[in-house]
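Residue-level listing of the chains:
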Amino acid sequence: MKIAVIGQSLFGQEVYKEMRKDGHTIVGVFTIPDKDGKADPLATEAEKDGVPVFKFPRWRVKGQAIPEVVEQYKATGAELNVLPFCSQFIPMEVIDHPKHGSIIYHPSLLPRHRGASAINWTLIHGDKKGGFTVFWADDGLDTGPILLQRECDVEPNDTVSTIYKRFLFPEGVKGTVDAVRLVAEGKAPRITQPEEGATYECIQKKENAKIDWNQSAEALHNWIRGNDKVPGAWAEVDGQKVTFYGSTLLDGRAAANGQPLEIPGSSQPGVVTKAGLVLFGNDGKTLLVKNLQFEDGKMIPAAQYFSSGSSAAVELSEEEKAFAVQMKAVWQSILTNVSQIEESTDFFKSGAASMDVVRLVEEVKLRASNCQLQNEDVYMNTTFQEFIQMCVRKLRGEDDEEELVVDYVEKNINNMSIKMPHQLFINGEFVDAEGGKTYKTINPTDGTAICDVSLAQVSDVDRAVAAAKEAFEEGEWGKMNPRDRGRLIYRLADLMEEHQEELATIEAIDSGAVYTLALKTHVGMSIQTFRYFAGWCDKIQGSTIPINQARPNRNLTFTKKEPMGVCAIVIPWNYPLMMLAWKTAACLAAGNTVVLKPAQVTPLTALKFAELSARAGLPKGVINILPGSGALVGQRLSDHPDVRKLGFTGSTEIGKHIMKSCAVSNVKKVSLELGGKSPLIIFSDCDMDKAVRMGMSSVFFNKGENCIAAGRLFVEDSIHDQFVKKVVEEVKKMKIGDPLDRSTDHGPQNHKAHLDKLVEYCQIGVKEGATLVCGGKQVQRPGFFFEPTVFTDVQDHMYIAKEESFGPVMIISKFRGSEVDDVLRRANATEYGLASGVFTRDISKALYVSERLNAGTVFVNTYNKTDVASPFGGFKQSGFGKDLGQEALNEYLKTKAVTIEY
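Residues numbered from 1 in each chain as written. Predicted model: local features only at pLDDT ≥ 70, side-chain atom pairs only at ≥ 80, totals over all residues. Heavy atoms only, no water.

Caption draft 1: Inspection of the nonpolar core at higher detail. Formed by 109 residues in total, the largest nonpolar core has its most connected members in Met496, Phe530, Leu588, Ile682, Leu713, Phe723 and Met810. Per-element accounting of this core gives the leading share, 11 residues, to helix α18 (residues 576–589). Non-local contacts of methionine 810, meaning those with residues more than four positions away in its chain, are made with Gly695, Met696, Val699, Phe700, Leu713, Phe723, Val727, Thr789, Val790 and Phe791. (Core = buried A, V, L, I, M, F, W, Y, C linked by side-chain atoms within 4.5 Å. Buried < 20%, exposed > 50% of the residue type's maximum accessible area, 1.4 Å probe, protein only. Helix = DSSP H or I, 4+ residues; strand = E, 2+ residues; numbered from the N terminus. Contact = heavy atoms within 4.5 Å.)

Structure (C-alpha cells):
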C-alpha cells in the first residue's frame, strides 16, 4: 500500500520504520521545518532512505488550504494517510484525498479527552484507565469513527512521561501499525464515537497551569503530575514563579519534619524535608514534590530549597580540565547556533531540547563511564559551569548526596560502643512507621528491653514496594553495568567486615547467639555470602540454542537471564543476619530490588545492615527493611501486586499460607525453606569420638535453633549405651551463660514463647514414655535459658519422634545393624526432607544410605558443614528452591528466549 506519513517526532519515526518493515511503500513524508538547523527525527530517517520529504511551515492560510501545498501532496499518489503524531492543521482536501482516507493516532480513549493535551488531562482528571485510539480523520475535533483502541492502567504516581514511555509510545507504535494492517486487509472497522462520556479540554499552556491550592491532596497531585514536565504546574513562592515536578501522593496524615515554606493560598505551609517538599491539600492529606524549577530555568531538588546555590565551586585537576574541554566540544556540537561556549552558556536558553538532554547524558557516559548522569542532572545544572562542576563532583564521589541521618540507640557493651538504628529503612532513609507505632525488642539473656523499634504498617509496606519498584524501573540500579553492581556488593561486604564485631555483638544481645559463634558463623558467613555473589554479577548469562531452520531463511535463538524486579524476603529469627545474607545477596546479584521483613523478635542486625548498605553506596530504594508482624507486613508482601518474587524461611504452616497468597494475588514466584526433622544415622563402625562430637553439634549448635538440626538420631543398638554415656558426659561440661562471655557454650533461647514451647515439648516426651536422660527444664536464672536435653527410648509413634523441637533436644532411637533398609524407612518416614546425615567408615554403606535418604542435603561423617558455594534447600514439606551456590541465582532470575530469523 502507498502511504503518506504526516507528522513528526520519534513516535512518527518508529511508525514510519515499522510500516516499511511491513512492506508498505512510503511515497512521502510531510513534517515540520528544521528547528535551529536540526531536522525532525522522522525527516532524518526518511531522508536516509531516499523517501521524498516535505517540510511545509503550514498547510493553510486563514482557514483555506494552500493550493500549491495540496498539489505537491496529491502528486505523491498516496492511498492512505497515516498521522502518527501531527501538530499541524491538515486541510480536508488532504484528509479525504487518498483511496483509503486518513487515520490518526490519539493518546486517549476517545471520546474522552478530545483535544491537544489528552495525556495531561487523563492524569489531571485522575482517570484509572488510559490508552490510545486510532481513528478515521474527519472535519471535527477528534470525532471521527474509531478504528482501534487499546487501554492500560494509570498508576497512582504516573506522569505524562512515565505513561508515555511505558505504554503510549511502545504500544502506540504497535497499535498504529496494526491499524494500517487492518486497512490493507480490508478489515478496518469504523465505529461511531459515542457522545456519552465525551470531553474536550483546551491545550495545556504555562499560563493556565497555575495551581489552585483549594483542593484535596489527590487533586493537587493529579494537577502537578498531569502538567509534568510540560507545561509544568506552577505557583508563586517567595515572590517568584516556581514550577513543581515529581509529585508522589503520600499515605495517611503523618507529620512532616523539616523547615516550613509559606505558599500563598495553600491551606497550610509546605515543609522542606530530606525527601523533598511536602504539600498539604485542603483535606489535610499530603503529597511530596521532588524537584522545583525557578523562572530562570534552574531546577533543584526540592529538599535543597533553603540551601540551593550555597556550595562552593571545586578547583579542577589537570585531568578534569581535559574532561571539561571534551565536554565543551560536545556542547558546541549540540548548540550549533552558539558561536562559542562560555562558562555562563545556558543549555536550554541556547535552544537545546529534550532529545539533546538524552544525547548529552550519553556523551558523558562515553567519556567517563563512572559518571552516571540522569536527565534531571542536566535540568538542574543548566549552565556549562554548573554542568562541569556537577560532573566533577560525581566523578569524585562528592555529588551532594544527602548525608544518611540515623537516630541511633547507643550502648557500651562487650568492650565496645555499638550504634543501632531502630527505625524502618525505606528508600534510603530511616523513617518512623505510620502513626509512630513501635514495639520493644527484648534481650533474651535477661529479658530486658533493648530499645523501641518501629513497627511497620500496611502503608509502610506499600511505600517500600513503591520505592523498590522505582529503583528497579527508573533508578540507576536497573541500568547499572553488572560489574559495577558487583563492585557495590563487594564494598558492602567490606563494610560488614569492618563492623563485624559490632554486628556480632548486636546479634548476641538481640538473638541470644553466643558471641564467638555469631562472629564466625552469623556474621562471618554473611560476609562470605555477599562476596561470593558479588563475583557472580557479571557472570549471569544465557545460551544459544540450535533450532530447526526455516529454509531458505535461518534462525538464531538465544536466552537471556533477567532480574525478576521487586522481591520480598521474609526471614526467621534463628540466624537473623545470615538468613538475610543467604537470600539478599543472590537477589541483589541478579539485579533485583528488595523489601525484607526480619523476624519481629530479631530486627536489629537487619537495620544495621541497612545502614551499611547505604554507606556502601547502594542506590536509594534497592534495599528496604521493615520490622513488623508477619500477619501484617508478611501478608501484605505476599498479596502485593508489584512484588514479583517472595523468598521465605520459616515454618511449614506459614510457608503454605504464603504460597497460597502469592498464587491468588499475582502468581508470584516463590521459594520456601521450611521445617525439618532431619535424621542422623550412626552405625557401629563409626569413629565414635567424632560421632559424639558431631552428633552433639548436630543438635546443640546455636542452642538447637538450627533449621538443619538433627531432629532424630538413630544409633545402632550395639553402641547405643556407649554413645549416650559419652554424650551425657559432654553435655555436663557445657557452660550455660551470658552469650558475650567468651567461654560460654550455650546461650539463651531466642524468646520467651519459644522457651515455653520447649518446656511443653519435653513434658510431652516424658508423658509418652520416652526416657529423659538429662535436661528438659528451664534454667533457674534470669533470661530464657533451657538445659541441653537428651531423650532415649524414643519410639516412632511418639510426638517428639515426629515433630521438630527447634531447640537443644537430642532424640535418640535404636536400630539393628542388620536392618539398614528398615532404619532408612524410619528415617524417611516424615513429611520433612531438609537435611540428613550418616556416620560410618564403610564407604559403600555411606553411599548406599546417602542415595536413599530423601533430603536436600546429606552429610557423611560430618554435620552442619554448609558453604556459600553449595546449594541449600529441602524436599517435600521442607520446601523448594535453593539458597547459596549458583542455583540460588535462578530463584531471582527469569529466562527469556529470543528467536531471530535472518
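Picking up where we left off.
Caption draft 2: How the structure looks around the pairing of strand β22 (residues 449–454). Where strand β21 (residues 438–442) and β22 come together, five bridges link them in antiparallel fashion. The residue of β22 that forms the bridge with isoleucine 442 is alanine 449. Between β21 and β22, which pair antiparallel and follow one another directly, the connecting turn spans six residues, one of which, glycine 447, has a positive phi of 80 degrees. (Pairing = 2+ DSSP bridges.)

Caption draft 3: How the structure looks around the packing of aromatic side chains. All told, the structure shown has 29 aromatic pairs when counted by the stated rule. Judged by centre distance (5.9 Å) and plane angle (35 degrees), the ring pair of phenylalanine 54 and phenylalanine 56 falls under tilted. With 6.5 Å between their ring centres and 65 degrees between their planes, tryptophan 59 and tyrosine 73 make a pair best called edge-to-face. With tryptophan 59 in the loop between β3 (53–54) and β4 (60–61) and tyrosine 73 in helix α3 (residues 67–74), the pair connects residues that are 14 residues apart, well separated along the chain. Summarising the burial analysis for this pair, tryptophan 59 and tyrosine 73 share the class buried. An aromatic cluster is present here, built from Phe11, Tyr105, Phe132, Tyr164, Phe167 and Phe169 joined pairwise through their rings. Seen from the ring of tryptophan 234, lysine 241 lies directly overhead, with NZ or CZ sitting 4.3 Å from the centre. When the ring centre of tyrosine 892 is taken as origin, the NZ or CZ atom of lysine 645, which lies over that ring, is 3.9 Å away. (Phe/Tyr/Trp six-rings, centres within 6.5 Å; stacked < 30°, edge-to-face > 60°. Lys NZ or Arg CZ within 6 Å of the ring centre and 35° of its normal.)

Caption draft 4: Structural context of the environment of isoleucine 66. Inspection of the secondary structure assignment puts isoleucine 66 in the loop between β5 (64–65) and α3. Assessed through its relative accessible area of 14%, isoleucine 66 is described here as buried. As a C-alpha pair, isoleucine 66 and asparagine 555 span 489 residues in sequence and 51 Å in three-dimensional space. In contact with isoleucine 66, other than residues within four places in its own chain, are Arg58, Trp59, Arg60 and Val61.

Caption draft 5: Spotlight on the sheet that holds strand β40 (residues 893–901). An order of β23-β24-β40 is seen for the three strands of this open sheet, with the pairing classed as antiparallel. Single-partner strands in this sheet number two, and they are β23 (544–545) and β40. Of the pairings in the sheet, the one linking strand β24 (residues 555–563) to β40 comprises nine bridges and is antiparallel in character. Bridge pairing in β40 places proline 563 opposite leucine 893.

Caption draft 6: Region of interest: empty space enclosed by the protein. Overall, the coordinates contain five cavities of 30 Å³ or more when judged by the stated rule. By volume, the largest cavity amounts to about 100 Å³. Class assignment of the residues belonging to the lining of the largest cavity gives a composition of six nonpolar, seven polar and two charged. (1 Å grid on protein atoms, 1.4 Å probe; cavity = no way out; pocket = protein on both sides within 12 Å on 5 of 7 lines; lining within 4 Å. Points joined across faces, edges and corners; volume = space filled by probe spheres on them. Nonpolar A, V, L, I, M, F, W, Y, C, P; charged D, E, K, R; others polar.)

Caption draft 7: Seen up close, a nonpolar patch on the surface. Taken together, the side chains of Leu10, Met355 and Val358 define a hydrophobic patch exposed on the protein surface, amounting to about 220 Å² of accessible area. As for its placement among the helices and strands, methionine 355 is situated in helix α10 (residues 354–367). (Patch = residues over 30% accessible without salt bridge, like charges linked within 9 Å, V, L, I, M, F, W, Y side chains within 5 Å. Areas by Shrake-Rupley, 256 points an atom, 1.4 Å probe, with all protein chains shown as cover. Salt bridge = Lys/Arg side-chain N within 4 Å of Asp/Glu carboxyl O.)

Caption draft 8: View of unusual backbone geometry. Here the bond from leucine 110 into proline 111 is cis, since omega is 15 degrees, no more than 30 degrees from zero. Inspection of the secondary structure assignment puts proline 111 in the loop between β7 (102–106) and α5 (118–124). Non-glycine residue asparagine 427 carries a positive phi angle of around 55 degrees. Along the chain, asparagine 427 falls in the loop between β19 (424–426) and β20 (429–431). The partly exposed category is assigned to asparagine 427, whose relative accessible area is 29%. In this structure, lysine 876 is a non-glycine residue whose phi angle is positive, near 50 degrees. With respect to the helices, strands and loops of the structure, lysine 876 is situated in strand β38 (residues 875–876).

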